[in-house]
Amino acid sequence: LLKAIGAIILGIVMAVSAINVSIDKKADLAVIESVKRVETADHKFSNNFIDEKTYLASIKGLFAENYDENRNLERRYQFSEASNEDYLLNIEVEVSKVYTKGEKKYVFTKAKVTKEISSYREELIIARKYAFVKEKGEWKITYIDVGIYSSETPLDAMAFTTFEGKTLDYVDKFNPLI
């Protein structure tokens, strides 16, 4: 009888653990989707594919109540050389897995942005750290730290390349302009 009760308790514990893992996995997927929405909007806005009104509408609802929405416009980047010539633009964004520490979740991105104009080529590396808090049952962005570097900057001189001393694990890659 004790063995049967023990087996039942073990089964219940395993079932509850499986449910918690499933819930955590869904939450992490939602966090990554929020990051991808912001990355897409930021890159489209920075490169004049969308206007400010469309930009702000596309990221509405992703941020915590205490987030200063005016900070969104501060993430806009520009290339050093402005030109009216036609140019080729390529953007590749890598997204890390979700890291959890205490009551927060973190996601890191590394975007390689390349602009080519006739014989001129400029490449930026944009590293970001997204921090999320749970607010009213949903994970919301509480802050985004940004570092912008030239492509010649060594990796060890860039911010947001590790989490708790370990190299970041990137799990997704996409072009936000597609």
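Residue positions are given per chain, counting from 1 as you read along its sequence in written order. A pLDDT threshold of at least 70 governs which residues receive local features in this predicted model, and a stricter bar of 80 or more applies before side-chain atom pairs are shown or counted, although totals over entire chains, interfaces and linings include all residues. To get the side-chain values, take all heavy atoms of the structure and skip hydrogens and water.

With respect to the overall build of the protein chain
Worth spelling out the cut-off: In this text, helices come from DSSP runs of H or I with a minimum length of four residues, and strands from runs of E with a minimum of two, each type numbered from the N-terminal end. Relative accessibility decides the category of a residue: with a 1.4 Å probe and only protein chains considered, values under 20% of the type maximum give buried, values over 50% give exposed, and everything between is partly exposed. Two residues qualify as a contact provided that any one of their heavy atoms is within 4.5 Å of a heavy atom in the partner residue.
A count of helical and extended segments in the protein chain gives 2 helices and 8 strands. Overall, the protein chain shows an N-to-C arrangement of helices and strands of α-α-β-β-β-β-β-β-β-β. Split into buried and exposed, the 178 residues of the protein chain put 37% on the buried side. Put simply, of all contacts in the protein chain between residues at least 6 apart along the chain, 60% involve residues at least 24 apart.

Re the confidence of the model for the protein chain
Should pLDDT be low for a region, the predicted coordinates there are not to be read in detail. As a reminder of what qualifies: Per-residue confidence from the predictor is reported as pLDDT, which spans 0 to 100.
With 84% of its residues at a pLDDT of at least 70, the protein chain reaches an overall mean of 86. When mean pLDDT is taken per element in the protein chain, strand β8 (residues 170-174) scores highest with 97 and helix α1 (residues 2-46) scores lowest with 74. Taken together, the stretch residues 15-22 has pLDDT below 50 and engages in 0 contacts with residues farther than four places along the chain or on a different chain.

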